[in-house]
Amino acid sequence: MNRREAVFGLLALVAAPKIAGAQQTRKTHHVGLVISTSAVATMAGTEPAHPFVRAFVHEMRDRGYLEGQNLDLQRHSLEGKIQLGPEIMAELLGRKVDVIVAAGNPAIAAAKQATASIPIIMINAVAPVGAGFVASLARPGGNITGVTFDTGPDLVAKQLQLLQQALPRVRRVAYLGTKEDWASERGQSAQAAARALGLTLILAEHGLGDYTDAFTAIQREHADALITSTTPFHFTHRSRLADAALKKKVPSMGTWSRDLVDAGGLMSYAADGRDNFRRAAVYVDKILKGVKPGDLPVEQPVKFELVVNLKTARALGITISKSILLFADEVIQ
């Protein structure tokens with residue numbers, strides 16, 4: 001070995017630990033994910049049982065964020081208990097998360113109240129301007145941006161129109177929700193849309209995961225069908241809701257996601273919730289790369305799917321109009 005080779009060899013040995021150290025100190029991104037209603041147990045693991053959370057985890061992974069390597073994903077749920085919001089957000093702030101991803105208005109409201117500096121990505125926000133989450137969709141300002149649940153008042157009108165088209169004999173429709181849902185911007189839009197279509201809309205108030213009183217009201221008021229509010233409770237309890245509607249022989253229109261129909265509901269017209277969570281991961285990626293949330297416009301869903309469950313229709317003893325079946329994106333046999 002000559003003198004030059006010896007010098008280069010020594011330099012390589014000195015540099016090697018520095019390179020290895022740089023690889024070991026790879027930056028870890030801390031992200032908090034908070035949903036509003038479903039059990040936190042459904043969020044766990046690399047393949048979460050919750051289909052929306054699974055879509056988020058997959059998209060983060062596809063973008064190079066790997067848990068245990070460069071991603072610390074803190075998963076929480078209010079599990080329908082709004083009072084848990086401050087406690088959960090305080091824990092995330094204590095862990096110095098880089099971004100908070102909040103799904104559903106209750107979680108978004110809790111995040112907004114907790115911090116005005118940490119970026120917040122909202123998912124499935126309902127009327128985010130009216131709720132005070134952002135100044136506008138195009139220029140949200142502040143520390144919040146993300147993905148809305150619907151496109152405004154016209155969507156609920158379309159949902160009622162499709163229900164009426166599918167079942168022309170429907171005259172009285174139950175609005176399955178809470179008093180808060182009924183008085184909200186979307187609830188008011190539903191009432192106005194029903195009047196324009198010549199339908200009578202009736203509030204069928206439900207409890208926390210309990211539809212007993214709601215279906216008692218539906219039968220008492222002789223409702224011909226029901227349409228759900230936008231509360232995420234209906235997603236969480238979709239099987240319970242679908243079973244109750246089938247047992248009471250009430251045709252249902254789901255407005256939160258297609259999952260009610262997959263669980264046995266009659267039909268749904270809604271955005272793809274999985275896609276909304278995937279798009280939220282895109283926002284997170286941009287934020288972690290230095291983009292300010294106030295510079296990212298709030299996105300609205302661009303694709304809505306009409307799904308009809310013919311198996312449920314047969315069990316209810318009803319016939320869905322052919323025009324709806326031809327228009328449907330998917331018909332479950």
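In the block above lies the structure referred to throughout.
What counts and how
- Residues numbered from 1 in each chain as written.
- Predicted model: local features only at pLDDT ≥ 70, side-chain atom pairs only at ≥ 80, totals over all residues.
- Heavy atoms only, no water.
- Pairing = 2+ DSSP bridges.
- Helix = DSSP H or I, 4+ residues; strand = E, 2+ residues; numbered from the N terminus.
- Axes fitted to C-alpha atoms, helices over the stretch in contact; angles between N-to-C directions.
- Contact = heavy atoms within 4.5 Å.
- Salt bridge = Lys/Arg side-chain N within 4 Å of Asp/Glu carboxyl O.
- Parallel < 35°, antiparallel > 145°, perpendicular 65-115°, else oblique.
- Left-handed = near helix turned anticlockwise from the far one by under 90°.
- Nonpolar A, V, L, I, M, F, W, Y, C, P; charged D, E, K, R; others polar.

1. Quick look at the sheet that holds strand β5 (residues 144-148)
As summarised here, the arrangement of the 5 strands in space is β2-β1-β3-β4-β5, forming an open sheet in which the pairing is parallel. The outermost strands of the open sheet, each flanked by one partner alone, are β2 (71-77) and β5. Direction aside, the axes of adjacent strands within the sheet are offset by 15° on average. Across 4 bridges, the pairing between strand β3 (residues 99-103) and strand β4 (residues 120-125) is parallel. Within the sheet, the bridge partner assigned to I100 lies in β4 and is I120. In this fold helix α2 (residues 51-62) packs onto β1 (29-35), β2 and β3, with an angle of close to 170° to the strand it touches most, β2. The sheet strands contacting helix α3 (residues 85-94) are β1, β2 and β3, and the helix crosses β2 at an angle near 170°.

2. Observations regarding the sheet that holds strand β6 (residues 172-177)
Overall, mixed pairing links the 7 strands, which are arranged β7-β6-β8-β9-β10-β11-β12 in an open sheet. Each end of this open sheet is capped by a strand with a single partner; those strands are β7 (200-205) and β12 (330-332). Strand-to-strand twist in this sheet, taken as the mean axis angle between neighbours without regard to direction, amounts to 20°. Strand direction decides the pairing type here: β6 and β7, joined by 6 bridges, are parallel. Across the sheet, residue A174 finds its bridge partner in β7, namely I202. Along the sheet face, helix α5 (residues 153-166) touches β6, β8 (225-228), β9 (252-254), β10 (267-271) and β11 (304-309) and points at about 155° away from the line of β10.

3. A few points about the pattern of salt bridges
Going through the model one piece at a time under the given rule, you end up with 16 salt bridges. A salt bridge links D285 to R63; the shortest N-O distance between them is 3.4 Å. On the criterion of sequence distance, the pair formed by D285 in helix α12 (residues 273-288) and R63 in the loop between α2 and β2 is long-range, its members being 222 residues apart. Residues D275 and R278 are paired through a salt bridge, measuring 3.9 Å at the closest nitrogen-oxygen approach. With D275 and R278 both in helix α12, this residue pair falls 3 residues apart, about one helical turn.

4. So, unusual backbone geometry
Backbone geometry at N124 places phi at a positive 55°, although glycine is not the residue there. When you line up the elements, N124 lands in strand β4. Notably, H222 is not glycine yet its phi reads approximately 55°, a positive angle. Here H222 is to be found in the loop between α8 (212-220) and β8.

5. What about the packing of α5 against helix α7 (residues 185-196)?
At a minimum axis separation of 9 Å, α5 and α7 run at an interaxial angle of 45°. The pairing of α5 with α7 is recorded here as oblique in orientation. At the point where α5 passes α7, the crossing takes the right-handed sense. The segment α5 lies against α7, with P153, L155, V156, A157, Q159 and L160 engaging R186, S189, A190, A193 and A194. Split into classes, the residues belonging to the contact of α5 with α7 amount to 8 nonpolar, 2 polar and 1 charged.

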